[in-house]
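Overview (structure and organization)
Residues per chain are reported as follows:
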Amino acid sequence: MVEIDGDKFEIQEPIEINNSKKADEEDIVIRDYDYIKFLDYNSSLISRNKPIDTKKKIHSNNYLTLFFKKQSITTDDEKKKLNDKIIMEYYNLLKNIEKKYTNKKAKEAYKSASKNLEEIDEELLEKIEKWVLKNKFWEDNKYDLKDKSYFKIFFVLKNDKKRTKELYKNEGKRYLLPNIYNKNDYNVKVGEKVVGLNGNNIGMNSKKPFLENKTRKTKVPILTTQDEALNYYELFNLMANIISEKKYNIYIDYDKGTIKGYKNGEIPKERIKSGVYLNVFLHEDKTKTEAAIQEYDTISNFGDKTCKSFQYRQVIKTNLEDDKYEYMIYEKYSDIQRLINGVLFEYKLIENYFRDASDIKIKNLKIKEELLMTRDIYLKWFYKGVTNGICNTLDKSILKIIKSNILEGKIIAAKKQMNLRYSLISYFTNKKEEEELMEEIREYLIEKILLEKEEQDNWDIENDDVYSYLVGQIVSGLLSFSKAKTVPASSINQFLNTDNDKIIKNKLIRLYEKYNYSIDARYYNRMSSVLGKVLRYEVKNKINKNLLLAGFLDSKIFFIKKEENK
């Protein structure tokens, strides 16, 4: 920073700002940081394709600043070097800035922009130019010019920040307004105003004819005034700053007039009555880096606190001590999201709502597939509060994940997922039909199985639901008697993948023959008796696959002792 006091120029102590701070590094308090941010914001180029310096060595936009890459000083390549001639041409163009805009529409844009601006202070401009050419102080050995970063010089009025800011804002607009459009060729003059194609997140060229509006005389899809374009520019710059803090979810609250960013997994604590949700990322190309919007939606009456509590219930017991901390009532979207992220998606959902499929690293391909298929639904629920019509889709998806985990032998994970499925169905539909049916069947069967041996002939399978649950129980019970080090839990799949009752019975017989030699005598009669009832039962309508799966995952009723059931 260089302070100007009349004809005197005083170089201040240099300030080094490093934007690549590591996570474990402490924040450094920078002198006049907000002041420098203001000066820098009003002096930066929109893109490298819209410079003041036609040689593109100087990257500032007004006579009060001089930005250049350190490499342009240290390089031995004369073509890439910043020299006196380039500096003089830069200031000469700023003295006669209207000459920069040669075609008709560009001139109109500049005239429209400059009407409300102060005239350039040519005396101050010439003072700065002469001083810069005479005092190229950056060549002093005390400045580190070895890296690839920028060297930025700000000229400010001594003891007059207010006037300095006014000058910077004025000159910033002088550059910004005529350059803010995507391309001045698309500008249209309406009365005394110029309207054109906003340059943020949209472009037009001969390679993209599909962007043209074919139904009107002016083919530009949207036209904005310079003031509107300036608002867009400031909004997208704000979003870029929010993204730099790794906050990719933005909420605009119309009532409070606020724009706030949140990291993945975070949701606004205060309820937003009316506003907008945006998901953004940083888009880079050869000419500029800017914020880009990839998800937009209106929201109403939304905040982290749910309108309805979600209860995660342990319908199927897992017998793990740590699980009791998960089975509870959740009243925040962020907490429900974390639960689902861990139970269903191996902690991969929150960071992968928008990531390309090729960049998502999940070993279980079925979980990855379901994440890709349902992530939009979870996004709408957790970040917008939209739940319409999602229950059936999530139900089918969770069942696929459960079966996949069983295939991999992850029975505990499958049990927790089945409990989550029951809890979600209850949450979205206010019904517990399948869950209550399973518990009713379980209690009924426990009562019957615990009957004395001579009483076992006094009961029979009542319906297809009881039959389906018992098939799952018998498969699970038989597999538990295997003496092998690892037993493929995927054995249940052969029962889930068929609707033919005869095939199921044949498979049950083969499984029984395989393991009956090692069945504990204490449970032999129970299992043999129930298997006999299953083999005699004729399916009336169809096998309930969900109850079959629930029976397989549920704790084994054959091994319950009488005293445990009291």
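Since this is a predicted model, take the numbers as computed values, not measurements.

**Some remarks on the sheet that holds strand 6 (residues 193–196)**
Adjacent strands of a sheet form backbone hydrogen bonds with each other and so pair up, either parallel or antiparallel. Taking strand neighbours across the sheet as the criterion, the three strands line up as 5-6-7 in an open arrangement whose pairing is antiparallel. The open sheet is flanked by strand 5 (188–190) and strand 7 (224–225), the only strands paired with a single partner. Pairing geometry for strand 6 and strand 7, over two bridges, is antiparallel. Considered in strand 7, the bridge of Gly 196 is made with Thr 224.

**Quick word on a nonpolar patch on the surface**
A contiguous nonpolar patch, built from Ile 15, Ile 17 and Tyr 33 and spanning about 220 Å² of accessible area, is present on the exposed surface. Residue classification places Tyr 33 among the partly exposed residues on the basis of a relative accessible area of 33%.

**Comments concerning the packing of aromatic side chains**
Any pair of aromatic rings gets described here by the distance separating the centres and the angle formed by the planes. Scanning all chains against the criterion turns up 25 aromatic pairs. Centroid distance Tyr 90 to Tyr 91: 5.2 Å. Interplanar angle 70 degrees. Geometry classified as edge-to-face. On the basis of relative accessible area, Tyr 90 is assigned to the buried category, the value being 1%. Judged by relative accessible area, Tyr 91 falls into the buried class, the value being 0%. Cation over ring: Lys 152 sits above Tyr 150, and NZ or CZ is 5.6 Å from the ring centre. Just above the ring of Phe 38 sits the side chain of Lys 165; from NZ or CZ to the centre is 5.0 Å.

**Looking at a positive patch on the surface**
Together, Lys 104, Lys 105, Lys 107, Lys 111, Lys 115, Lys 189 and Lys 193 line one region of the surface with positive charge. Per element, the largest residue contribution to the positive patch is four residues, and it comes from helix 4 (residues 104–114). With respect to the element layout, Lys 104 can be found in helix 4. The exposure class assigned to Lys 104 is exposed, which follows from its relative accessible area of 63%.

**Some thoughts on the packing of helix 12 (residues 433–449) against helix 17 (residues 545–553)**
Here helix 12 crosses helix 17 at 55 degrees, and the two axes come no closer than 11 Å. It follows from the interaxial angle that helix 12 and helix 17 lie oblique. As helix 12 packs across helix 17, the resulting crossing turns out to be right-handed. Judged by residue contacts, Glu 434, Leu 437, Met 438 and Ile 441 of helix 12 engage Asn 546, Leu 547 and Ala 550 from helix 17. Taken together, the residues that form the contact of helix 12 with helix 17 break down as five nonpolar, one polar and one charged.

**Here we look at the pattern of salt bridges**
Inspection of the entire model under this criterion finds 29 salt bridges. A salt bridge links Asp 499 to Lys 545; its shortest N-O distance comes to 3.0 Å. In this pair, Asp 499 sits in the loop between helix 14 (493–496) and helix 15 (501–515) while Lys 545 sits in helix 17, placing the two residues 46 residues apart along the sequence.

What counts, and where the lines are drawn
Residues numbered from 1 in each chain as written. Predicted model: local features only at pLDDT ≥ 70, side-chain atom pairs only at ≥ 80, totals over all residues. Heavy atoms only, no water. Pairing = 2+ DSSP bridges. Helix = DSSP H or I, 4+ residues; strand = E, 2+ residues; numbered from the N terminus. Patch = residues over 30% accessible without salt bridge, like charges linked within 9 Å, V, L, I, M, F, W, Y side chains within 5 Å. Areas by Shrake-Rupley, 256 points an atom, 1.4 Å probe, with all protein chains shown as cover. Salt bridge = Lys/Arg side-chain N within 4 Å of Asp/Glu carboxyl O. Buried < 20%, exposed > 50% of the residue type's maximum accessible area, 1.4 Å probe, protein only. Phe/Tyr/Trp six-rings, centres within 6.5 Å; stacked < 30°, edge-to-face > 60°. Lys NZ or Arg CZ within 6 Å of the ring centre and 35° of its normal. Lys, Arg positive; Asp, Glu negative; His and termini not counted. Charge placed at Lys NZ, Arg CZ, Asp CG, Glu CD. Axes fitted to C-alpha atoms, helices over the stretch in contact; angles between N-to-C directions. Parallel < 35°, antiparallel > 145°, perpendicular 65-115°, else oblique. Left-handed = near helix turned anticlockwise from the far one by under 90°. Contact = heavy atoms within 4.5 Å. Nonpolar A, V, L, I, M, F, W, Y, C, P; charged D, E, K, R; others polar.

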